[in-house]
Amino acid sequence: MCERPISVDDDAAGSAGFGRTPVWNLDRLRAETIVRVHVAGLDLLLIWNDGDAVACDRACPHEQADLALGEVRGGRLFCPRHAASFDLRDGAINPGWPSPPLRLYPLRITGEQICVEVRERQARRHTPVLPDESE
Ligand code: FES
């Protein structure tokens, strides 16, 4: 269901329902490395990592810092608050942190469109709303 391109500014992105939803352009992700997107009411990030795209929660699973302000290095996403890092292959946090892994989401690339799969159960769970700190 990657029929039409939408961006994070498109209201339809937040209410597009469940399943595979086009959320971002691959070239833009390559240029920006970390972008915020809303999929089925969830606050997510798309990350360009070592030639591959990754989708994950925007809130750090430790204390909900905004991972959009983090840094990608060596296949890991570093949290800006306490500097824990998450493996972008499976979401695992580095050893010694009392935190669950970072939740990753399946995605599919069709042409230049990135589609993220969010299941209904994931969309219904409570996620903290993070302020837009870039504005
Ligand atoms: S809030 Fe991210 S490591 Fe603590």
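Further up the page is the structure itself.
Residues numbered from 1 in each chain as written. Predicted model: local features only at pLDDT ≥ 70, side-chain atom pairs only at ≥ 80, totals over all residues.

**What to know about the overall build of the chain**
- Helix and strand counts for the chain stand at two helices and ten strands.
- The buried share of the chain, reckoned over its 135 residues, is 30%.
- When contacts within the chain are restricted to residue pairs at least 6 apart in sequence, those whose partners lie at least 24 apart make up 46%. (Helix = DSSP H or I, 4+ residues; strand = E, 2+ residues; numbered from the N terminus. Buried ≥ 20, exposed ≤ 12 C-beta atoms within 10 Å, placed from the backbone. Contact = placed C-beta atoms within 7 Å.)

**Here we look at the nonpolar core**
- Counting 30 residues, the largest nonpolar core has Val39, Leu44, Leu45, Leu46, Ile47 and Val116 as the members making the most contacts within it.
- In this view, Leu46 contacts Val23, Trp24, Leu29, Val35, Val37, Ala53, Ala55 and Ile114; residues no more than four positions away in its chain are not counted. (Core = buried A, V, L, I, M, F, W, Y, C linked by C-beta atoms within 7 Å.)

**Some words on the pairing of strand S2 (residues 34-39)**
- Most of S2 is tucked away, with five of its six residues classed as buried.
- Inspection of the sheet shows S2 paired to strand S3 (residues 42-49) by six bridges, in the antiparallel sense. Bridge pairing links His38 to Asp43 in S3.
- Counted between consecutive antiparallel strands, the loop separating S2 from S3 contains two residues, among which Ala40 sits at a positive phi close to 50°. (Pairing = 2+ DSSP bridges.)

**Side note on the environment of Cys115**
- Inspection of the secondary structure puts Cys115 in strand S10 (residues 113-118).
- By the C-beta count within 10 Å, which is 19 here, Cys115 ends up partly exposed.
- The spatial distance from the C-alpha of Cys115 to the C-alpha of Val23 is 5.8 Å, given a sequence separation of 92 residues.

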